[in-house]
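Overview (structure and organization)
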Amino acid sequence: MSSALNKMSVEDFDVSGKKVLVRCDFNVKMENGVITSDKRIVASLPTIKYLIDNKAKVILCSHLGRPKGEFNPEFSMKPVAARLSELLGIEVKMAEDVVGESAQTLAAGLKEGEVLLLENVRFEPGETKNDPELSKKFASLADLYVNDAFGSAHRAHSSTTGVADYLPAACGYLIQKEIQFIGGALENPKRPLVAILGGAKVSDKIGVITNLIDKCDTLIVGGGMAYTFMKALGHHIGNSLLEEDKIELAKEMMDKAKAKGVKFLIPVDNKVGKEYNENTEYMDVNSDEIPDGWMGLDIGPETQKMFADAVKDAGTVIWNGPMGVSEWKNFASGTIAVATAIANSNAISIIGGGDSAAAIQKLGFADKMSHISTGGGASLEYLEGKELPGIAALNDKK
Ligand code: AMP
């Protein structure tokens, strides 16, 4: 498997006068046809502006929602074209179809610096099947292909992967940054490398733990998944989340960490609640003293200090998953403490996915992080050490 760090980027192409097909992630949040967050459109601007400034003929495409392989006006890209026009300050032409007559005609007529947006790629039934016929049609629209949709890079679809079989292919700035930070942390991290994993399920993160245990200096496990590890150590965990069939594996992971000299930290104390309920009664208890009938819903104050200490001198921190039920005020402090510790450290900080990224945004720490990943599922698969098809398909630098 070739290194993702060696993939061609948009700047390696001579784009002047060329038609460049760019797979973007315009899968924006919409309500009744109105865009409620344009964050993803804004994030795609650097690549698009680079192409406009360098006289390319720009053809953009993306999926939006799950229209199931047929035209559905509810999932039309038209609102995206309108917002993009406002943001770029130029007209963005909108095709009536994905690779049909309208797309072909408009693409052929593009002038340098002009921008065309195709309809939702998932209107085509071949898209999610990575149908070579559809991939060829995408390729027939352009001279060069740029993938900038990291959020879809773990999916081998026609517009994310297949099209790269028929055109010279490079990544845009968004994917380049993901590769630089996540790939960099995995392949050549500034040490010590500290990984913090949380969230509900061990089973969701096993692949990540297995991969990172070979790379990290310190591995921290918090959140609901930590209780399976505590159980493996023989602790009494009351009604806390438990994956019975993962206890043995949890033990193996901790043994492996020990054998490799990797520090493996799990909570030493917890905020436990009487019920799984936002306003339930709660108290702090040590990890070997969770009473019957209570459940761990957040890490405790000693654990907050321990985790923050581990982050303080880190060279690189990778964080994925909350330390507790952070949606609930009374059980958010562990996640806030970890976010604060990362924000205050000088480490290269990489935040993967949904809840941890949301916590960072909410606390106003986004500017203090080196990298907040734009793809939850994709970043997890990347951290698992899997090759992402949307990146693997791109050409290597010469
Ligand atoms: P994930 O999607 O795997 O990152 O998990 C996020 C979810 O884990 C959030 O909805 C949290 O409420 C939940 N979670 C975190 N810690 C706990 C816990 N101790 N008990 C139950 N759920 C938890």
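Residues numbered from 1 in each chain as written. Predicted model: local features only at pLDDT ≥ 70, side-chain atom pairs only at ≥ 80, totals over all residues. Heavy atoms only, no water.

**Focus on the pairing of strand S4 (residues 57–61)**
Of all five residues that make up S4, five are buried, and the element is covered over most of its length. The alternating pattern of S4 places Lys57, Ile59 and Cys61 on one face and Val58 and Leu60 on the opposite face, and all of these are buried. Pairing of strand S1 (residues 19–23) with S4, which is carried by five bridges, proceeds in the parallel orientation. The partner of valine 20 across the bridge, within S4, is valine 58. Taken together, the three bridges between S4 and strand S6 (residues 115–117) define a ladder with parallel strand orientation. Paired with leucine 60 across the strands is leucine 117, a residue of S6. (Buried < 20%, exposed > 50% of the residue type's maximum accessible area, 1.4 Å probe, protein only. Helix = DSSP H or I, 4+ residues; strand = E, 2+ residues; numbered from the N terminus. Pairing = 2+ DSSP bridges.)

**Remarks on the nonpolar core**
Across soluble globular proteins, nonpolar side chains show a tendency to be buried alongside one another. In terms of nonpolar packing, the biggest core is built from 74 residues, with Leu118, Phe229 and Phe264 touching the most fellow members. Counting residues domain by domain, this core receives three or more from each of domain 1 (2–175) and domain 2 (189–383). Grouped together as the second largest cluster of nonpolar side chains are 32 residues, Tyr50, Leu60, Val92 and Met94 included. (Core = buried A, V, L, I, M, F, W, Y, C linked by side-chain atoms within 4.5 Å. Domains from an automatic or database assignment.)

**Overview of the domain arrangement of the protein**
Domain annotation for the protein reports domain 1 (2–175) and domain 2 (189–383). Placing the centre of domain 1 and that of domain 2 at their C-alpha centroids yields a distance of 36 Å. Facing eight residues of domain 1, the contacting portion of domain 2 comprises nine residues. For the pair domain 1 and domain 2, the summed buried surface comes to about 630 Å²; carbon and sulfur atoms form 64% of the total. The three residues of domain 1 that bury the most area against domain 2 are Phe150, His154 and Leu174, which together make up 70% of that side's buried surface. Where domain 1 packs against domain 2, one counts zero residue pairs in polar contact (both at pLDDT 80 or more). (Contact = heavy atoms within 4.5 Å. Buried area = accessible area lost by both parts, 1.4 Å probe. Polar contact = N/O pair within 3.5 Å; in protein donor to acceptor, adjacent residues only side chain to side chain.)

**Some details on the sheet that holds strand S16 (residues 348–351)**
If you trace the six strands from one edge of the open sheet to the other, you get S11-S10-S9-S15-S16-S17, paired in parallel fashion. Lying at the two open borders of the sheet, with one neighbouring strand each, are strand S11 (263–265) and strand S17 (371–372). Where helix H9 (residues 301–312) meets the sheet, it contacts strand S9 (193–197), strand S10 (218–221), S11 and strand S15 (316–320), and its direction lies at approximately 150 degrees from that of S10. (Axes fitted to C-alpha atoms, helices over the stretch in contact; angles between N-to-C directions.)

**Brief notes about the site of the ligand**
The local shell around the ligand holds 15 residues, among which Ala200, Gly224, Gly296, Gly324 and Glu327 are the closest. Here the ligand has 510 Å² of accessible area as a free molecule, and 80% of this is covered by the chains. Per-class residue counts for the shell around the ligand are six nonpolar, five polar and four charged. (Near = heavy atom within 4 Å. Areas by Shrake-Rupley, 256 points an atom, 1.4 Å probe, with all protein chains shown as cover. Nonpolar A, V, L, I, M, F, W, Y, C, P; charged D, E, K, R; others polar.)

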